[in-house]
Amino acid sequence: MCGIVGYVGKRNSVDVLIKGLKNLEYRGYDSAGIAVCENDKIEIVKKEGKIKNLESSVSSLGSSHIGIGHTRWATHGPANTVNSHPHRVGCVTLVHNGIIENYVKLRKELKDLGYSFKSDTDTEVACALIDSIYKECKDKLLTMKKANEKIIGSFAFAILFDDDFDNIYVMRKDSPLIIAISDDGNFIASDVPAILEFTNKYILLEKDEYGVISGDKVIVYDNDFNILDKEILTYEESLDSAMKNGYEHFMIKEINDEPRTLTATYEQFFKSDINELLCNMPDFSKYKSIDIIGCGSAYHAGLVGKSFLERYADIPVNTYLASEYRYEKNFSDSSTLTILISQSGETADTLAALRKAKDRGIDTLGIINTVGSSIAREASKVFYIKVGCEVSVATTKAYSAQVLILELMALCIGVRKGIISLEAANDIISDIKELPSLIEEEINNKPSYDKIASLIYKNEDIFFLGRGIDYSLCMEGSLKLKEISYIHSESYAAGELKHGTISLIDKGTPVIGLVTDPDLAMKTISNIKETKARGSFVVLVTLESIFDEYKNDDFYDEVITIKDVDSFASPLLAITIFQLISYEVAKLRGEAIDKPRNLAKSVTVE
Ligand code: F6R
């Protein structure tokens with residue numbers, strides 16, 4: 001949520017900042033701006049909209065050795081040029097990622113000191129605060145520490161002071177920040193993709209740490225101003241994995257990554273059989289209950305995980321939206337495992353939920369993609385899903401890998417408890433190993449998705465229907481469709497529709513029915529028929545064997561079949577189909593698939 005980047009060194013900072021911002025645009029794209037030092041003076045260029053608007057406005061800038069940049073996801077005040085970063089007050093210019101909760105109080109105090117404000121933002125208030133503290137104490141480190149003490153909320157700041165154009169100053173609380181290192185200059189950024197074109201060596205700035213970065217030196221201090229010996233990390237993924245690789249959009253590139261990334265997900269636990277999985281996965285069978293927490297798609301992955309853990313591992317599971325978990329009474333204790341699911345590892349509500357669980361002494365497990373992210377570092381244990389950089393705002397490969405890890409946990413606990421035999425477990429493992437090639441086959445079935453997309457893309461309301469796990473998968477399918485196509489879409493438990501919502505079904509309303517559980521097929525199909533009787537246009541997604549049994553029933557208009565596989569593999573095949581249909585629908589509607597309006601990839605505000 002918001003991306004910040006900075007550079008100081010031998011290169012022209014304008015070029016570095018624009019390249020960095022382009023690679024961070026997935027974090028927000030309401031507006032963008034840069035501040036560079038040219039002839040010992042700060043020059044600021046800001047533009048509403050995407051980075052390309054900014055890019056065409058920076059040509060007037062000369063060469064500069066130092067600068068900071070920002071791509072915004074609006075929180076305080078509309079997405080316009082005045083509210084864009086960088087902000088400048090007095091002798092301070094800065095960019096900010098996060099939210100300052102006490103900014104109204106601070107603004108009042110600063111107004112009393114004579115400051116006035118041009119924008120609606122909390123960031124301009126922080127800028128004035130830092131300026132006022134610096135004017136008084138004349139010490140930059142002390143200024144940052146005092147600002148840190150006064151500001152309530154989450155933040156990472158990159159700051160330029162007018163009397164020092166050799167250094168970028170950085171500080172952070174709960175928003176991520178890295179410092180990257182190269183032979184011809186040093187960088188700061190919210191996330192690794194911003195700097196990968198220049199270097200893969202970086203330092204993670206932690207909460208309450210301060211950095212002073214020049215062209216050839218990086219110094220990091222703790223809150224008592226001790227110099228820290230920070231580990232220099234190497235980002236192992238290639239830039240390619242963060243780039244489109246010739247695909248039209250990141251989303252379709254990332255769906256195409258799934259066969260490879262799902263293999264990487266399970267191969268960290270096994271390559272051959274269940275015994276290997278049992279050796280490599282910790283023993284979770286001691287827990288009496290599990291809480292699963294996440295937001296959006298990560299929450300949806302948790303719902304699928306709940307079904308597997310309850311059915312195959314016989315453990316009661318509660319699933320929570322992270323934003324609700326924080327404020328609900330919670331009955332878990334030391335016999336509960338709390339699982340936090342997050343692609344970014346930085347989602348503010350999920351991070352806060354993790355801290356709440358930890359404060360109560362509960363064991364926590366993060367299922368995370370971004371290595372070294374806050375949740376990954378703070379959880380007692382972490383499983384990385386290993387899907388590489390996911391750039392498209394709508395998650396695809398990360399969701400699938402999250403589901404797979406939860407399934408593997410259920411499988412392991414089920415075997416350890418004697419609920420699943422070793423032989424049955426090995427059959428499941430064979431099906432999981434077949435998944436990558438089956439997903440590849442599905443991806444190659446593009447004409448089917450094109451056809452269905454062409455039949456439904458002009459509608460403004462679409463319903464997804466399913467029962468059990470299929471309902472959870474429909475929730476994710478529906479979210480995928482609505483977030484990138486802007487079609488209103490709802491997912492309903494198949495049996496629930498008739499308790500009110502069926503009144504919305506009209507002639508031609510698309511209903512996408514998912515039926516992957518043979519035991520529930522008859523019931524769900526009856527519910528689909530209820531909509532058909534009211535004129536819906538039914539797209540059936542089902543297993544080949546279920547289709548064979550019901551194909552002569554007149555209740556569907558289009559069908560996509562899924563290979564007959566074990567119940568562990570079918571959710572991942574079903575979701576890929578939904579991802580592909582959503583992608584083709586959004587494409588026909590001409591929407592900004594990778595960067596849907598109003599959204600950002602990493603939601604670091606509560
Ligand atoms: C939807 C989507 C979001 C995220 C949610 C949580 O496609 O990507 O719903 O799943 O914002 O993000 P993470 O997983 O980074 O915590």
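Residues numbered from 1 in each chain as written. Predicted model: local features only at pLDDT ≥ 70, side-chain atom pairs only at ≥ 80, totals over all residues. Heavy atoms only, no water.

J.: Got a sec to walk through the site of the ligand? Specific residues and values, please.
T.: Looking at the ligand, there are 14 residues lining it, with S342, Q343, S344, T347 and E483 nearest. At 2.4 Å, a side-chain N or O of T347 approaches an oxygen atom of the ligand. Separating an oxygen atom of the ligand from a side-chain N or O atom of E483 is a distance of 2.5 Å. Within the complex, 90% of the 410 Å² of free accessible area of the ligand lies under protein. Listing elements by their share of the shell around the ligand, those giving two or more residues are α8 (296–313) and α15 (469–485). (Near = heavy atom within 4 Å. Polar contact = N/O pair within 3.5 Å; in protein donor to acceptor, adjacent residues only side chain to side chain. Areas by Shrake-Rupley, 256 points an atom, 1.4 Å probe, with all protein chains shown as cover. Helix = DSSP H or I, 4+ residues; strand = E, 2+ residues; numbered from the N terminus.)

J.: Could you give an account of the sheet that holds strand β6 (residues 92–100), naming the residues involved and the relevant values?
T.: Strand order in this open sheet of 6 strands is β5-β6-β7-β8-β12-β13, and the pairing throughout is antiparallel. Sheet topology places β5 (87–89) and β13 (218–221) at the edges, where each strand pairs with a single neighbour. Within this sheet the neighbouring strands show an average axis-to-axis angle of 20 degrees, counted without direction. (Pairing = 2+ DSSP bridges. Axes fitted to C-alpha atoms, helices over the stretch in contact; angles between N-to-C directions.)

J.: Lay out unusual backbone geometry in plain terms, naming residues and giving numbers.
T.: Peptide bonds are, in most cases, trans, and in most cases residues other than glycine have a negative phi. For the bond from H85 to P86, the omega torsion is 0 degrees, close enough to zero to count as cis. Relative to the elements of secondary structure, P86 occurs in the loop between β4 (66–72) and β5. Positive phi, normally seen in glycine, also occurs at K138, with a value near 55 degrees. For K138, the position within the fold is in the loop between α4 (122–137) and α5 (140–150). Judged by relative accessible area, which is 61%, K138 ranks as exposed. (Buried < 20%, exposed > 50% of the residue type's maximum accessible area, 1.4 Å probe, protein only.)

J.: Explain the pattern of salt bridges residue by residue, including any values.
T.: According to the stated counting rule, one finds 34 salt bridges in the structure shown. Note that R355 and D174 form a salt bridge whose closest N and O atoms lie 3.3 Å from each other. Taken together, the positions of R355 in helix α10 (residues 348–359) and D174 in the loop between β8 (164–172) and β9 (178–182) put the pair 181 residues apart, joining distant regions of the chain. Between D553 and K529 there is a salt bridge, with its nearest N and O atoms 2.7 Å apart. Here D553, found in the loop between α17 (544–550) and β24 (558–562), pairs with K529, found in helix α16 (residues 521–532); they are 24 residues apart in sequence, far enough to count as distant. You can call K529 partly exposed: its relative accessible area is 34%. (Salt bridge = Lys/Arg side-chain N within 4 Å of Asp/Glu carboxyl O.)

J.: Tell me about the packing of aromatic side chains, and please be specific about residues and values.
T.: Scanning all chains against the criterion turns up 17 aromatic pairs. Ring geometry for F284 and F383: centres 6.0 Å apart, planes at 85 degrees, overall edge-to-face. Of the two residues, F284 is situated in the loop between α7 (274–280) and β15 (289–294) and F383 in strand β19 (residues 381–384); the sequence distance between them amounts to 99 residues. Owing to a relative accessible area of 4%, F284 belongs among the buried residues under this scheme. Look at F383 and you get buried, because its relative accessible area is 5%. Plain terms: the ring middles of F555 and Y556 are 5.3 Å apart, the flat faces sit at 75 degrees to each other, and that makes the pair edge-to-face. The exposure class of F555 is buried, given its relative accessible area of 0%. Ring pairing ties together the aromatic residues F269, F284, Y287 and F383, which thus form one cluster. (Phe/Tyr/Trp six-rings, centres within 6.5 Å; stacked < 30°, edge-to-face > 60°.)

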